[in-house]
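# A closer look at the structure
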Amino acid sequence: MEPIADKAQVLIEALPYIREFSERTVVIKYGGAAMVDEELKRNFALDMVLLKYVGVKPVIVHGGGPQISRMLKRVGKEPSFVEGLRVTDLETMDIVEMVLVGKVNKEIVALINHSGGKAVGLSGKDGGLLLARKLNLARAREEGEEPELIDIGMVGEVEAVNADLIETLDRDKFIPVIAPVGVGKQGETYNLNADTVAGALAAALRAEKLILLTDVPGVLDGQKALISSLDADTARRLMDEGVITGGMLPKVQCCLEALQNGVAKAHVIDGRVRHAVLLEIFTDTGIGTQLTL
């Protein structure tokens, strides 16, 4: 009977967290291996359905970079990046929108619905959800010289979020699944960074948590050991010291900005772990790195 009793203990451990986060919003950036591995995809969909049934309000923002690159190569267009950002001319923007909105988004929605949930797919253009402006990329030059301005096309940054649309969907018990495509004031389409979109949505919705799924255990220290908890001052110091670098740098910056704009806690977790989101929200120890002010 012991294994059965252990299962009951798992539920008892989750109970205070279910109470705490019921009716609270959790924004989840979904990407990496969790979007590719078939078992992880099914687990993620079930996690979202369970969250909704126990009263948590999940809002999902997804990436799709590898899928976009594959489609570009299929049409004979070589993907190009500058400082980690995809160079997005008009033709590339069409493909980005087609892949993110027309394919990836609908696959996630279908999987959640098949798992017993009520998901609805959106892009930032729907209902003016994500108002964007062109991102001006400046690259540092030698000391004393003006920064180099680089035009990377239709890459944008979030200017405003229409949170009313998400709140309307929540009242009807839908799980929003959002593709990171924004709209400009003149109706132009912009390619947006999914982490940044998740952070902006979390701030606009006053989310309890922002959770970024990655393909690493979390934020690592100088000895490559996991940092389980990180406050804003320590995070900035580690960035200045070059401990937090590469792809983790913009993720931590995104988390800090969300915290400064009213999000209670931010988390960088390993999406390769089965049921990673549930483990982060409903267990005493959690997984990955928790960031706070």
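These lines cover the structure that appears in this document, whether it is placed above or below. The residue numbers shown here count from 1 along each chain, following its written sequence. Owing to the predicted nature of the model, reporting of local features is limited to residues with pLDDT of at least 70; listing and counting of side-chain atom pairs is limited to 80 or more, with chain, interface and lining totals taken over all residues. Processing note: side-chain calculations cover all non-hydrogen atoms of the structure and skip hydrogens and water entirely.

### Describing the environment of Thr289
With respect to the helices and strands, the residue Thr289 is situated in strand 16 (residues 289–292). Burial here depends on accessible area, computed with a 1.4 Å probe over protein chains only, as a share of the maximum for the residue type. Under 20% is buried, over 50% is exposed, and the range in between is partly exposed. Residue classification places Thr289 among the buried residues on the basis of a relative accessible area of 0%. Residues Thr289 and His267, spaced 22 residues apart in sequence, show a C-alpha to C-alpha distance of 5.5 Å. Pairs of residues are marked as contacts when any of their non-hydrogen atoms sit within 4.5 Å. Setting aside chain neighbours within four positions, we find Thr289 in contact with Gly218, Val219, Leu226, Ile227, Ser228, Leu230, Ala266, His267 and Val268. Among the polar contacts listed, one links the side chain of Thr289 to the backbone nitrogen of Val219, at a separation of 2.8 Å. A polar side-chain atom of Thr289 sits 2.6 Å from the main-chain carbonyl oxygen of Ile227. Going along the chain from the N terminus, every DSSP run of H or I of four or more residues is numbered as a helix, and every run of E of two or more is numbered as a strand. Identification of polar contacts relies on pairs of N or O atoms within 3.5 Å, with a donor-acceptor requirement for protein atoms, meaning one able to donate a hydrogen and the other able to accept it, and with residues adjacent in sequence counted only if both atoms are side-chain atoms.

### A closer look at the sheet that holds strand 5 (residues 119–123)
At least two bridges found by DSSP between two strands is the condition for calling them paired. The eight strands lie next to each other as 5-10-2-1-13-15-16-14, forming an open sheet whose pairing is mixed. The sheet terminates laterally at strand 5 and strand 14 (229–231), the two strands that pair on one side only. Averaged over neighbouring strand pairs, the angle between their axes works out to 20 degrees when direction is ignored. Pairing geometry for strand 1 (residues 25–30) and strand 13 (residues 209–214), over four bridges, is parallel. The residue bridging Ile28 from the neighbouring strand is Ile211, located in strand 13. Where helices are involved, their axes are fitted lines through C-alpha atoms of the stretch in contact, as for all axes, and angles between N-to-C directions lie from 0 to 180°. Sheet strands in contact with helix 5 (residues 163–171) are strand 2 (57–62), strand 5 and strand 10 (175–179), and its direction is about 170 degrees off that of strand 5. Contacting strand 1, strand 13, strand 15 (265–270) and strand 16, helix 8 (residues 248–260) runs over the sheet at an angle of about 170 degrees to strand 13.

### Let's talk about the nonpolar core
Throughout this description, the term nonpolar core refers to a set of buried Ala, Val, Leu, Ile, Met, Phe, Trp, Tyr and Cys residues connected via side-chain atoms within 4.5 Å. Counting residues in each nonpolar core, the largest one holds 84 residues, and the members touching the most others are Ile112 and Leu210. Per-element accounting of this core gives the leading share, ten residues, to helix 4 (residues 90–114). Val82, Leu135, Ile150 and Val155 belong to the second-largest nonpolar core, a separate cluster that totals seven residues.

### Side note on the pairing of strand 2
Among the six residues of strand 2, six are classified as buried, and the element is accordingly described as predominantly covered. Burial of the side chains of strand 2 extends over both faces: Lys57, Val59 and Val61 are buried on one face and Pro58, Ile60 and His62 on the other. Here six bridges tie strand 1 to strand 2, and the two strands are oriented parallel to one another. Note on strand 2: the bridge partner recorded for Ile28 is Ile60.

### A word on the pattern of salt bridges
In the sections that follow, a salt bridge refers to a side-chain nitrogen of Lys or Arg positioned within 4 Å of a carboxyl oxygen of Asp or Glu. For the coordinates displayed, the defined rule picks out 19 salt bridges. Between Glu23 and Lys57 there is a salt bridge, with its nearest N and O atoms 3.9 Å apart. Of the two residues, Glu23 is situated in the loop between helix 1 (2–21) and strand 1 and Lys57 in strand 2; the sequence distance between them amounts to 34 residues. Where Arg236 meets Asp233, a salt bridge forms, and the shortest distance between an N and an O atom there is 3.4 Å. In this pair, Arg236 and Asp233 are both assigned in helix 7 (residues 232–240), three residues apart and thus about one turn of the helix distant. Under the relative-accessibility criterion, Arg236 is labelled partly exposed at 30%. Accessibility expressed as a relative area gives 59% for Asp233, which makes it exposed.

### Digging into the pairing of strand 5
Buried residues dominate strand 5, accounting for four of its five residues. In this sheet, strand 10 lies alongside strand 5 in parallel orientation, the contact comprising five bridges. Looking at the pairing, Gly121 lines up with Val177 of strand 10.

### Quick notes on the side chain of Thr92
Counting through the fold element by element, Thr92 comes out in helix 4. Overall, the relative accessible area of 3% leaves Thr92 in the buried class. Excluding anything up to four places from it in sequence, Thr92 contacts Leu72, Lys77, Arg86 and Val87.

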